[in-house]
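Analysis of the macromolecular model
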Amino acid sequence: MEASTSEKTRVQKMDWEVVELKIKNWLKALKIAVNMLFYGERILCDHVFQSFVSIRQLCFAEISRE
């Protein structure tokens, strides 16, 4: 997804400290979201493929690679 021209202009006009703070906050939120998503996917794979260890590991590897 590409930012619109107005979004780019708005970011360019911001003080660097503000942009840096927004980036840090976004990265923290992204880390939490990704950790929760991968944790949930791991639980789901373990549950669905509980009898097939190799398939379970392969499935989770494919999901997390995407």
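Here, every reference points to the structure presented above.
This write-up is about the structure you can find in this document. (Residues numbered from 1 in each chain as written. Predicted model: local features only at pLDDT ≥ 70, side-chain atom pairs only at ≥ 80, totals over all residues. Heavy atoms only, no water.)

**Side note on the pattern of salt bridges**
If the charged atoms of two oppositely charged side chains come close together, the side chains can form a pair. Going through the model one piece at a time under the given rule, you end up with two salt bridges. Measuring nitrogen to oxygen at the nearest pair gives 3.6 Å for the salt bridge that ties arginine 42 to aspartate 46. Here arginine 42 and its partner aspartate 46 are both found in helix H2 (residues 16-48), four residues apart, which amounts to about one turn of the helix. We classify arginine 42 as partly exposed; its relative accessible area is 29%. Using a relative accessible area of 28% as the deciding quantity, one classes aspartate 46 as partly exposed. (Salt bridge = Lys/Arg side-chain N within 4 Å of Asp/Glu carboxyl O. Helix = DSSP H or I, 4+ residues; strand = E, 2+ residues; numbered from the N terminus. Buried < 20%, exposed > 50% of the residue type's maximum accessible area, 1.4 Å probe, protein only.)

**With respect to the environment of valine 19**
Among the structural elements, valine 19 can be located in helix H2. Valine 19 sits in the buried class, given a relative accessible area of 11%. Put simply, valine 19 and isoleucine 32 are 13 residues apart on the chain and 20 Å apart in space, counted from C-alpha to C-alpha. Setting aside chain neighbours within four positions, we find valine 19 in contact with Val11 and Met14. (Contact = heavy atoms within 4.5 Å.)

**As for a nonpolar patch on the surface**
A contiguous nonpolar patch, built from Trp16, Ile23, Trp26, Leu27 and Leu30 and spanning about 550 Å² of accessible area, is present on the exposed surface. Residue position: leucine 27 is located in helix H2. The exposure class of leucine 27 is partly exposed, given its relative accessible area of 46%. (Patch = residues over 30% accessible without salt bridge, like charges linked within 9 Å, V, L, I, M, F, W, Y side chains within 5 Å. Areas by Shrake-Rupley, 256 points an atom, 1.4 Å probe, with all protein chains shown as cover.)

Any link to function would need more than the numbers given here.
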